[in-house]
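Coordinate inspection notes
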Amino acid sequence: MSDTYDLVVIGSGPGGYIASIRAAQLGMKVACVERYATYGGTCLNVGCIPSKAMLESSERFAAASHDFAQHGVEIGSVGLNLERMLARKKEVVDASAAGVAYLFKKNKIDGFHGHATIKDVNTVSIAGDDGKTSELSTKRILIATGSKPIQLSGIALDKEYIVDSTGALEFQAVPEHLVVIGAGVIGLELGSVWARLGAKVTVVEYMHEIFGARMDEELMRTARKIFEKQGIEFVFKARVTGASVKDGKVTTTYEQDGKEHTIESDRLLVGVGRKPYTDKLGLENIGLETNKWGFIPVDAHYETAVKGVYAIGDVIPGPMLAHLAEHEGVACVERINGIAGHVNYDAIPDVVYTHPEIATVGKTETQLKEGGVAFKVGKFPFRANGRARALGDMDGFVKILAHEKTDRILGAHIIGPRAGDLIAELAVAVEFGASAEDIARSSHAHPTLAEAVKEAALAVDGRTLNL
Ligand code: FAD
Ligand code: NAI
């Protein structure tokens, strides 16, 4: 048994590795245990980073194929080297995972590889791939074990024809026809990748609208119409009930309007959500119960029902986002150390990296109406923004919702070029309790896409200057 650690973190995803670093900065002796060969969790290895690498590459392919000519750039015929694209994605992932290993070393964090099981509140045992078991003694434990894809009953993943997001990042050839179950973030991001590379993409969704009908309605409607123009087909109000593979073709069965339908494709991507991952974690050894969906409940300090055992990230209730997991990790270890770290769940941005990007923060119009909050709406379209025109990327708008009386920004919803970067200003505004007037009176460089944010803030008071 090694010396006693102040904190053993289980899981090295964005929640676990960032919490480890912050804890080390605060003077704690930290160990982080990861069951996979590389650090970085879902996000770095099979999530955010590889999906964004493929989105970037496929967007460049689509731009070279369709958009360069209108800029006067003539390149002849465009070829796809998928092998190179996948290799580049791997390089990006490898560099990111190596970056975490470097950060562990820099911050004197002891990293261990193997499956961690909580033996008691002060002991974590590690089962290594080599069959050897070791134990870590610790004052506190932080569970950051993340999530894994939900599987649908009646659909067995075979990792070739029927895949989850991990498999859909690895297709070795562009499928002629890709069917996606679920018009959520994964379905639309990865559906976009393969549609841009030439696949016919059909998305079968249970709800009546994309994103589980949970986002700002105008945003969802606008996004769906743009995706349809890009060639993605949607089948709504359809519940998938099964899928089978025969002679290299997948047949997917779904119910719609009380009738059973089938659809044939070359590949099937199941993107119906993710669930918390607590397999063989040993929660029963410390009497820690999950809620009925499998999440680990925590208090405002991210402490579980068992004293000295904490949890953050995808494994606790709430949105499953990398930056939220990081934020919770920092707040958790700061509170352990007597610092008032906190997470403002109303100020967490949510970004979908399709083209155009979709980004939101705070409340939607529907939520405000349901809450009986009086609000004003300021909206500005990218077609009236000079930079968007220069980019040739004019679809979408910025929408700001501000309190009717105080003018405080309550929510912001953007669809358009670089929406994921533009939302940062509005997330800061929500965090600082800023008013639309504060944004409207701040100088925004010209010509930038950020001017559309300023104009939307001006629009809250009915005084846009460029529309
Ligand atoms: P994870 O990243 O899941 O890390 C948990 C780690 O714990 C894993 O490495 C796992 O192996 C390890 N582990 C589990 N159990 C044990 C054990 N018993 N012993 C040792 N190790 C263990 N979010 C965004 O914000 N932006 C995006 O663009 C984005 N894109 C995504 C794209 C895809 C395709 C997917 C699947 C997800 C995406 N997400 C994105 C979600 C994001 O990846 C997660 O919200 C985030 O990774 C959660 O971080 P975490 O630290 O809680 O858990
Ligand atoms: P999701 O919850 O976003 O979407 C799942 C969709 O599948 C829903 O619209 C749901 O109605 C539908 N569905 C469920 N069962 C169905 C059935 N039987 N038939 C038809 N449709 C069905 O989940 P998704 O896309 O799998 O993503 C999981 C999580 O990963 C997200 O919640 C998100 O937090 C995270 N993620 C974040 C990204 C980002 O921030 N850019 C990118 C990718 C994932």
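A brief report on the enclosed structure follows. Within each chain, residue numbers correspond to sequence positions counted from 1 in written order. Chains carry letters and ligands carry numbers; both start at the beginning, A for chains and 1 for ligands, and go up in the order they are written. Local features in this predicted model are restricted to residues of pLDDT 70 or higher, and side-chain atom pairs are both shown and tallied only at a pLDDT of 80 or more, whereas totals for entire chains, interfaces and linings draw on every residue. Each side-chain value is worked out from all heavy atoms of the structure, with water and hydrogens disregarded.

**Here we look at unusual backbone geometry**
Put simply, the rule reads: Under the DSSP-based scheme used, a helix requires at least four consecutive residues in state H or I and a strand at least two consecutive residues in state E, with every element numbered from the N terminus. Think of it in three bands: with a 1.4 Å probe and only protein chains considered, a residue is buried below 20% of the maximum accessible area for its type, exposed above 50%, and partly exposed in between.
Look at the link from His 355 to Pro 356: it is a cis peptide, with omega at 0 degrees. Assignment of secondary structure puts Pro 356 in the loop between β18 (350–352) and β19 (357–362). The omega torsion of the bond from His 446 to Pro 447 falls at -5 degrees, within 30 degrees of zero and hence cis. Position of Pro 447 relative to the elements: it lies in the loop between α12 (436–440) and α13 (450–460). Of note, Asp 247 is a non-glycine position whose phi angle comes to about 50 degrees, a positive value. Along the chain, Asp 247 turns up in the loop between β12 (239–246) and β13 (249–256). The class of Asp 247 is exposed, set by a relative accessible area of 76%. One non-glycine residue, Asp 257, lies in positive phi territory at about 50 degrees. Position of Asp 257 relative to the elements: it lies in the loop between β13 and β14 (259–265).

**So, the nonpolar core**
The following threshold applies: In this text, buried Ala, Val, Leu, Ile, Met, Phe, Trp, Tyr and Cys residues form a nonpolar core when linked through side-chain atoms within 4.5 Å. Pairs of residues are marked as contacts when any of their non-hydrogen atoms sit within 4.5 Å.
With 53 residues, the main nonpolar core has Ile 118, Leu 142, Ile 143 and Leu 288 as its most contacted residues. Beyond its immediate sequence surroundings of up to four residues, Leu 288 is in contact with Ile 143, Leu 283, Ile 296, Thr 304, Ala 305, Val 306 and Val 309. Of all hydrophobic cores here, the second largest spans 37 residues; its members include Met 54, Met 215, Ile 226 and Phe 234.

**Examining the sheet that holds β18**
As a reminder, the rule being used: Here the rule is simple: two strands pair whenever DSSP picks up at least two bridges between them. With axes taken as lines fitted to C-alpha atoms, and helix axes fitted only over the stretch in contact, angles between N-to-C directions fall between 0 and 180 degrees.
A sheet is described by the order of its strands in space; here 5 strands give the open sequence β18-β19-β22-β21-β20, paired in antiparallel fashion. Taken across any chain shown, the strands that pair with only one partner, and hence form the sheet edges, are β18 and β20 (375–381). The sheet shows a mean angle of 10 degrees between the axes of neighbouring strands, direction not considered. Taken strand by strand, helix α11 (residues 419–432) contacts β18, β19, β21 (397–403) and β22 (409–416), and its axis lies near 5 degrees from that of β19. Where α13 meets the sheet, its contacts fall on β20 and β21, and the angle it forms with β20 comes to roughly 140 degrees.

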